[in-house]
Amino acid sequence: MLLVNDTRKCSECTCGPPSGGKCVAETVLFRNENCGDPLITTILSAVDAPACTSAIGDGDIVSMGIFALQSEPATCVASEPVIVSGRLEEGETHVACCDR
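I will try to describe carefully the structure that is included in this document. (Residues numbered from 1 in each chain as written. Predicted model: local features only at pLDDT ≥ 70, side-chain atom pairs only at ≥ 80, totals over all residues. Heavy atoms only, no water.)

Looking at the element boundaries, Ser-63 is found in strand β5 (residues 63-72). For Ser-63, the side chain forms a polar contact with the main-chain oxygen of Asn-32, separated by 2.5 Å. Filtering out sequence-adjacent residues up to four positions away, Ser-63 remains in contact with Val-28, Leu-29, Phe-30, Asn-32, Glu-33 and Cys-35. (Helix = DSSP H or I, 4+ residues; strand = E, 2+ residues; numbered from the N terminus. Polar contact = N/O pair within 3.5 Å; in protein donor to acceptor, adjacent residues only side chain to side chain. Contact = heavy atoms within 4.5 Å.)

Time to look at the pattern of salt bridges. Inspection of the entire model under this criterion finds three salt bridges. Among the salt bridges present, the one from Arg-8 reaches Asp-6, with a minimum N-O distance of 2.8 Å. Among the salt bridges present, the one from Arg-87 reaches Glu-89, with a minimum N-O distance of 2.4 Å. Of the residues examined, Arg-87 reaches a relative accessible area of 53% and is grouped as exposed. (Salt bridge = Lys/Arg side-chain N within 4 Å of Asp/Glu carboxyl O. Buried < 20%, exposed > 50% of the residue type's maximum accessible area, 1.4 Å probe, protein only.)

Here Cys-35 shows up in the loop between β3 (22-30) and β4 (38-45). Overall, Cys-35 belongs to the partly exposed group, its relative accessible area being 36%. Between the alpha carbons of Cys-35 and Met-64 there is a distance of 6.9 Å; along the sequence they are 29 residues apart. With sequence-adjacent residues up to four places away left out, Cys-35 is seen in contact with Phe-30, Ser-63 and Met-64.

Take a look at the structure:
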């Protein structure tokens, strides 16, 4: 059996910019602390502009709930590793015997 000495070191893996993916959530503002009296409901996604409103009505916001409706992870292209140091060297030859 031929043994080898492997002292190679690879570069760190990196990932390109994310693409795809989708995140949609329902945001609900409530009038009480038990999330039981909804004041306003808004559907938001990761591609929407930030939401801001002053048209809440005549109630104070006491609690808030955010409920995921859709979650699809994005993907990215990984870099190819590159050998940055070390080498692969031939080692000593050994004979391995096995009992049958």
